[in-house]
Amino acid sequence: MRRNKIVFTTSALILTSLMAACSAGDSQSESADPGEIKVWVQFSDETAEGKAWQEIVNGFNEENEGKYKAVTEYIPRSGSGGGYEDKVNAAITTSTLPDVITLDGPNTAAYAHSKVIAPLDEYLEDADMDDVFDSVIQQGTYDGKFYAFGFSESNVGIYYNKTMFKEAGISEEALPTLESPWTWSEFSAISKTLVDYYKEPAIDMQIASNDEMLTYAYTPFLWSNGGDVVNGEGTEAVGYFDNEQSIEALSFIQSLVKEGYTTISPIEKGFETGKYPMLLSGSWTIFDLEENYTDIDYGILPYPVSDTTKELVSPTGSWQLGMTTQTEKKEASAAFIKYATNTESSRIMSLGNSVLPIRQSTMELIKDEVSEGMRMLMEQNQISGRARPVVVAYPQVSRAFQQAIQDVSYFEENPDVQKIAKARALEMQQAIDQSLKQ
């Protein structure tokens, strides 16, 4: 998920109203070549991702010359998430989808439930799935079947300014490791030290983003404490988002704001310009720092963990490949998806687009070629990565989650965290129940 800001995805919202227009029996593949497949992707061919992608496609076409050929149509997303999703949704209604599409991780359930994409399990017996990170399997699985194969990964950590830490008297020995991460209490104590020294918030937790970043980056706090957003089947929010463990995690987030450790109205690029000592952000920020803020001496620390469980959990998820139910070229489509997610293709995408790999074998290949920060995120993903909930009503669930974070953060009116959790859990449940009726 390489991007400057995680954009809230809306395609699943539209999909639920289009289910009747899509069925496995439809077929609109128009290529005259029985081995040629059409692939739609959500980025431009001029981007780093696009260039890495084309290298992968060229490799597939060369290896399968005379048998299969993949042709890509590049359809960049707009800042609001439109463009690509708009075209996909229009193609669903007119039964003109290509053979293979890309889809964002949280949309797996909606696309699968609506029969937009087909299960891949029978085609992956020789794809060495034991080598694929669990988080990739999690986000691509719905109702016990594997529908979408991630071709890149992402992760989030605590960026810290090494110079500012040193000036505030925080030694390297006090820093957390993957084996011994900070607990929430320890993280709060370090934040207090930084606030006392700099008279500024210690960290930008990106609460002000008010978008998918909140769901993506904040669910690990619930998970680490034994809480959750929904149950494993994605059918129940009541009893999960409003349980004791989830409420404790939301209360911790509230405390960071109440104590002044984080800001709800950050200065733009406050970490990058040396205003804040820490920043909660994803792997995509590495590229920005190394391209545009080379004077910042930074490192990346693992997620803080619950004092109760001490369990390290980090968020993962990115874009995937799915075979549409409209294709008549299942073998060619599956062959391409397998190729685009193999060890070498993952290497090309990871190094070319500065994203995390999807396979253990790729991680071993590139770990000495990436920065210290990227290597930490790769290792954190390997041992603790967890995908966002796979739920048909994901956009509505995510929006309720985001609103809950906003609710507990604006503490001037002394909001009751338990009441907020229960209200938002009920909102999630209503959306889930409605989506499952369709």
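Residues numbered from 1 in each chain as written. Predicted model: local features only at pLDDT ≥ 70, side-chain atom pairs only at ≥ 80, totals over all residues. Heavy atoms only, no water.

*Asks:* Explain the overall build of the protein chain residue by residue, including any values.
*Replies:* Summing up its helical and strand segments, the protein chain has 16 helices and 13 strands in all. In terms of overall dimensions, the protein chain is globule-like: its C-alpha atoms have a radius of gyration of 22 Å, near the 22 Å expected for 438 residues. For the protein chain, buried positions account for 61% of its 438 residues. Considering only contacts within the protein chain whose residues lie at least 6 apart along the sequence, 78% involve residues at least 24 apart. Accessible surface computed for the protein chain: about 17,100 Å², of which carbon and sulfur atoms make up 46%. (Helix = DSSP H or I, 4+ residues; strand = E, 2+ residues; numbered from the N terminus. Rg over C-alpha atoms; globule rule 2.2 N^0.38 Å. Buried < 20%, exposed > 50% of the residue type's maximum accessible area, 1.4 Å probe, protein only. Contact = heavy atoms within 4.5 Å. Areas by Shrake-Rupley, 256 points an atom, 1.4 Å probe, with all protein chains shown as cover.)

*Asks:* Outline the environment of V39, supporting the account with residue identities and numerical values.
*Replies:* Tracing the chain through its elements places V39 in strand β1 (residues 36–41). For V39, a relative accessible area of 1% gives the class buried. A sequence separation of 187 residues divides V39 from G226, and the C-alpha atoms of the two residues are 40 Å apart.

*Asks:* Describe the sheet that holds strand β6 (residues 148–150), and please don't skip the residues or the numbers.
*Replies:* Strand order across the open sheet formed by five strands is β2-β1-β3-β12-β6, with mixed pairing between neighbours. The open sheet terminates on both sides in strands that have one partner only, identified here as β2 (69–74) and β6. Geometrically, the sheet is characterised by an average inter-axis angle of 30 degrees between neighbouring strands, direction not taken into account. Looking at chain direction, β1 and β2 are connected through six bridges and run parallel. Opposite I37, over in β2, you have A70 as the bridge partner. Each of β1, β2 and β12 (319–323) is contacted by helix α2 (residues 48–63), which is oriented at about 160 degrees to β2, the strand it contacts most. Sitting on the sheet, helix α3 (residues 84–94) touches β1, β2, β3 (100–104) and β12, and the angle it makes with β1 is about 135 degrees. (Pairing = 2+ DSSP bridges. Axes fitted to C-alpha atoms, helices over the stretch in contact; angles between N-to-C directions.)

*Asks:* How would you explain the side chain of T72 if you had to name every residue and give the values?
*Replies:* Its location among the elements puts T72 in strand β2. A polar contact of 3.1 Å, which involves the side chain of T72, links it to the side chain of W53. Beyond its immediate chain neighbours, meaning those up to four positions away, T72 contacts V39, V41, W53 and V57. (Polar contact = N/O pair within 3.5 Å; in protein donor to acceptor, adjacent residues only side chain to side chain.)

Function-wise, these values are silent; they only describe arrangement.
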